[in-house]
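Single-letter residue listing:
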Amino acid sequence: MHASTMVSALELVGLYVFATSGALMAIQKGFDVVGIVVLALLTALGGGIVRDVVIGTAPPAAFRDVVYLIIPLAAAVVTFFAHPLVRRLSFPVLVFDAAGLGLFCVTGTLQALDHGLGPVQAILLGVVTAVGGGVLRDITARETPALVRVETDLYAIPAAAGATVVALAYRAELPMPVVATCAAVAVFLFRIIAMVRHWTAPTAITYRNP
Amino acid sequence: MHASTMVSALELVGLYVFATSGALMAIQKGFDVVGIVVLALLTALGGGIVRDVVIGTAPPAAFRDVVYLIIPLAAAVVTFFAHPLVRRLSFPVLVFDAAGLGLFCVTGTLQALDHGLGPVQAILLGVVTAVGGGVLRDITARETPALVRVETDLYAIPAAAGATVVALAYRAELPMPVVATCAAVAVFLFRIIAMVRHWTAPTAITYRNP
Amino acid sequence: MHASTMVSALELVGLYVFATSGALMAIQKGFDVVGIVVLALLTALGGGIVRDVVIGTAPPAAFRDVVYLIIPLAAAVVTFFAHPLVRRLSFPVLVFDAAGLGLFCVTGTLQALDHGLGPVQAILLGVVTAVGGGVLRDITARETPALVRVETDLYAIPAAAGATVVALAYRAELPMPVVATCAAVAVFLFRIIAMVRHWTAPTAITYRNP
């Protein structure tokens, strides 16, 4: 119960931070309060909703417990009023975002595995859970998704690595609470190091050897 | 039965007008007849399909009765041939669009409540039903969604207000046919007044006090 | 069994080619390897996933057999390394794409009919199966969907014609294996001829008589 309480707490922090990134994007694009709320909700909940629709659990988790809606709405309100302050906190926001990335790719993968999906499918859904909301945010705001841009520090790749570890450990019947915790922490650290060192993913080969 | 016939009739008018707005956008962007049909269908049916996927009723209402497909297709055909006339009717179109907004936010909220979703979730789904199709239209046409643009007269906010009234009345076990009718009419009037007076939603606070 | 083996083989070829078109688009837009994988998966699987979510079969076919994920991933890897060669093969790619169009509009329509949807709904889902992935590819890459652009050689219209033939034959209880094969081949040829002769769909009437 201690562990699951911590997971829940981390999950809410992750949702809050994801929603904040949506709200900040909306403010940056000059959207009104409706746009701020829309992007906050979409960024925080979009990935998990897609995962649950694919798995076939209706309604999605985001609609089962009202706290999943309250947290992003709170983030939208706080960002609406305090966005210059929030912006100055951009490094802490990125750190919590990395924590959300680690947590959601692990929990998303586990949920897919628990619903009987195969390991490759579960890895894909774990990554979708973690990064899907950000893609929906960018598409709605008419930005090229940060996820696919070559300037973006590694984001999907740490998530995919963590999801792969979880899926392999599940197959090997290792003790999941330990594995899941380690994987989430590893994804978090991988993402932080990628940010600090500006590691980026390669583009197609011959762009470099023309 | 009289009341439900009127709801059905209004629903079809609403779908027709939403589809017309999609078809007009497609023509304005220079899309071909495929684009006109795609945007007509997406605008009219997109919000309801998202709602039904989230609620978990498959197939969505849009695919259960063929009339829900026929009406947007008819709107696409009429707009294809008569779009200069349709454009000149832009005020009537906006009035019917406001009627659709009022109707769909109320029926969407009720359907979510009837499927056991909580009040906050039902309000969100009511708003999604009413405004989701327009967002999908704008994204597909590569426009910034009108919904989030600061120049747009209030649109989501009347829908959210109406959905909230419906959810509260449902909780209070008030007689729903009366409440639903009043809420839909109130959303309609709120939207019309917002259009006439060009009420817009606020942007984030410090954009005004730089 | 011979026939179904051929359908499966064609389906995998179709997925491979659709994924290749997604990967090529990603490379052309300068996306990194994550973008290449995302667009490959989305283009190949997007239409079928939307169809299965609407029909209500969860998880969608794309997540039931791992081969449906492996094939697009393989296409992404091959395109990543060999894209100049793949590009030089653009005509063969377009020919296989036309084969995929024919196959997927027919199988999509049949699956919708088998799940009890009406003929108009099944036609729409058949077309969505065939063209939906390409639309999601273009939206994610911030391109106006090729599907709705007036310069695009007929693409959705052959698919709609083939889906209509299948739905009518299903109604008339004709022998489906024969009809389905003929319809898929006809869509393929229709698309090829439309490409060679640059047939395009009309835009709204008065654009021609101003």
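Since we're looking at a predicted model, the values are computed, not measured. Sequence order as written defines residue numbering, which begins from 1 separately in each chain. Working convention: letters from A go to chains and numbers from 1 go to ligands, in the order in which they are written. In keeping with the predicted nature of the model, local features appear solely for residues at pLDDT of at least 70, side-chain atom pairs appear and are counted solely at 80 or more, and the whole-chain, interface and lining totals rest on all residues. Heavy atoms throughout the structure, all of them, feed into the side-chain values; hydrogens and water do not.

### Some remarks on the relation of the copies chain B and chain C
Least-squares fitting of one copy onto the other uses the C-alpha atoms of those residues that reach a pLDDT of at least 70 in both copies. Expressed as a screw transformation, the operator carrying chain B onto chain C has a rotation angle of 120° and an axial translation of 0.0 Å, and the superposed copies differ by an RMSD of 0.0 Å. Both chain copies can therefore be described as sitting about a three-fold axis. Residue contacts are defined here by distance: any two heavy atoms, one from each residue, within 4.5 Å place the two residues in contact. The share of interface residues of chain B whose copies in chain C are also at the interface is only 11%, consistent with the copies meeting through different surfaces.

### Looking at the state of the cysteines
Cysteine pairs can be linked by a disulfide, which is a covalent bond between their two sulfur atoms. Note that a disulfide, as used here, is simply two cysteine sulfur atoms within 2.5 Å. Applying the stated criterion to the full structure yields 0 disulfides over all chains. You can see Cys182(A) has no disulfide; the closest cysteine sulfur is in Cys105(A), sitting 13 Å from it.

### Comments concerning helix 6 (residues 156-171) of chain C
Residues separated by three or four positions in an α-helix point in the same direction, a consequence of the helix having 3.6 residues per turn. For helix 6 of chain C, built from 16 residues, the straight-helix expectation of 22 Å at 1.5 Å per residue is met to within 8% by its first-to-last C-alpha distance of 22 Å. Buried within helix 6 of chain C we find Ala156(C), Pro158(C), Ala159(C), Gly162(C), Ala163(C), Val166(C), Ala167(C) and Ala169(C). Only DSSP runs of H or I reaching four residues or more are called helices, and only runs of E reaching two or more are called strands; each is numbered from the N terminus. Where helix 6 of chain C is buried, its residues contact helix 2 (33-55) of chain B together with helix 4 (90-114), helix 5 (119-140) and helix 7 (176-197) of chain C. Among the residues trailing helix 6 of chain C, Glu173(C) stands out with phi positive, at a value near 55°. A helix is expected to span 1.5 Å multiplied by its residue count minus one. The rule is simple: take the accessible area with a 1.4 Å probe, protein chains only, and divide by the maximum for that residue type; under 20% is buried, over 50% is exposed, in between is partly exposed.

### A short note on the interface of chain A and chain B
Every contact between the two is made by 27 residues of chain A and, on the other side, 27 residues of chain B. Between chain A and chain B the total buried area reaches about 2,300 Å² when both faces are included, carbon and sulfur atoms providing 73% of it. Put simply, a salt bridge is a Lys or Arg side-chain nitrogen that is within 4 Å of an Asp or Glu carboxyl oxygen. Across the contact surface, chain A and chain B share 0 salt bridges. In protein, a polar contact means a hydrogen-donor-capable atom and an acceptor-capable atom, both N or O and within 3.5 Å, with residues adjacent in sequence counting only if both atoms are side-chain atoms; elsewhere, any N or O pair within 3.5 Å suffices. Applying the counting rule to chain A against chain B returns 5 residue pairs in polar contact (both at pLDDT 80 or more). Throughout, the accessible surface (probe 1.4 Å) given up by two parts as they are put together, summed over both, is called the buried area.

### Some details on the packing of aromatic side chains
Residues and elements named next belong to chain B. Two aromatic rings, drawn from Phe, Tyr or Trp (for Trp, its six-membered ring), form a pair once their centres lie within 6.5 Å of each other, and the interplanar angle then sorts them: stacked below 30 degrees, edge-to-face above 60, tilted otherwise. Across all of its chains, the model carries 9 aromatic pairs over all chains by this definition. Between Phe80 and Phe81, the aromatic rings sit 5.1 Å apart at their centres with planes inclined by 85°, giving edge-to-face as the arrangement. Overall, the relative accessible area of 9% leaves Phe80 in the buried class.

### Comments concerning empty space enclosed by the protein
Two kinds of site are reported from a 1 Å grid over the protein atoms alone, namely cavities, where a 1.4 Å probe fits but cannot get out, and pockets, open sets with protein on both sides within 12 Å along at least five of seven lines, and residues are called lining when an atom falls within 4 Å of a point. Grid points are joined across faces, edges and corners, and a volume is the space filled by probe spheres set on the points. Following the criterion strictly, the structure yields 4 cavities of 30 Å³ or more and no others. Its boundaries defined by the atoms lining it, the largest cavity holds a volume of some 110 Å³. Together, Ile139(A), Arg142(A), Glu143(A), Asp138(B), Ile139(B), Arg142(B), Glu143(B), Ile139(C), Arg142(C) and Glu143(C) line the largest cavity.

### Topic: the UniProt feature "domain: Glycine transporter" (unreviewed entry) in chain A
Residues and elements named next belong to chain A. UniProt positions are given in the numbering used here, feature names are shortened, and annotations may be inferred rather than shown by experiment. In the numbering adopted here, UniProt assigns the feature "domain: Glycine transporter" (unreviewed entry) to residues 9-83 and 95-170. Across residues 9-83, helical content stands at 80% and strand content at 0%; the span's end C-alpha atoms are separated by 23 Å. Regarding residues 95-170, the helix share stands at 75% and the strand share at 0%, and the terminal C-alpha atoms are separated by 28 Å.

### Brief notes about the UniProt feature "transmembrane region" (unreviewed entry) in chain A
Residues and elements named next belong to chain A. The UniProt record marks residues 6-26, 33-54, 66-86, 93-113, 119-140, 152-170 and 176-194 with the feature "transmembrane region" (unreviewed entry), using the residue numbering of this structure. Secondary structure across residues 119-140 divides into 100% helix and 0% strand, with the first and last C-alpha atoms of the span separated by 31 Å. Secondary structure within residues 176-194 divides into 100% helix and 0% strand; the distance between the first and last C-alpha atoms comes to 26 Å.

### Remarks on the pattern of salt bridges
All chains considered together, the criterion is met by 15 salt bridges over all chains. Connected through shared salt-bridge partners, Arg51(A), Asp52(A) and Arg64(A) make up one network.

### A word on unusual backbone geometry
Excluding glycine, most residues fall at negative phi; most peptide bonds, likewise, are trans. Each neighbour pair has its own omega, and for Ala58(A) with Pro59(A) the value is -10°, a cis peptide bond. As for its placement among the helices and strands, Pro59(A) is situated in the loop between helix 2 (33-55) and helix 3 (67-88). Backbone geometry at Glu173(B) places phi at a positive 55°, although glycine is not the residue there. Here Glu173(B) shows up in the loop between helix 6 (156-171) and helix 7 (176-197). Classification of Glu173(B) as exposed rests on a relative accessible area of 70%. With phi around 55°, His198(C) is a residue other than glycine that occupies positive phi space. Within the secondary structure, His198(C) sits in the segment after helix 7.

### Observations concerning a nonpolar patch on the surface
Residue and element names in this part refer to chain A. Together, Val185, Leu189, Ile193 and Trp199 make up a nonpolar patch on the protein surface, roughly 340 Å² of accessible area in all. Along the chain, the position of Ile193 falls in helix 7 (residues 176-197). For Ile193, a relative accessible area of 38% translates into the label partly exposed. Patch members must show over 30% relative accessible area and no salt bridge, and they are joined within 9 Å when carrying like charges or within 5 Å when they are nonpolar side chains of Val, Leu, Ile, Met, Phe, Trp or Tyr. The accessible surface values rely on the Shrake-Rupley method and a 1.4 Å probe; as for residues, cover is taken only from the protein chains in view.

### Considerations on the interface of chain B and chain C
Taken together, the contact between chain B and chain C spans 27 residues of the former and 27 residues of the latter. With both chains or domains summed, chain B and chain C bury close to 2,300 Å², and 72% of this area falls on carbon and sulfur atoms. On the chain B side of the contact with chain C, Asp32(B), Phe63(B) and Arg142(B) bury the most area, a combined 26% of that side's loss. Counting the contacts that link chain B with chain C gives 0 salt bridges.

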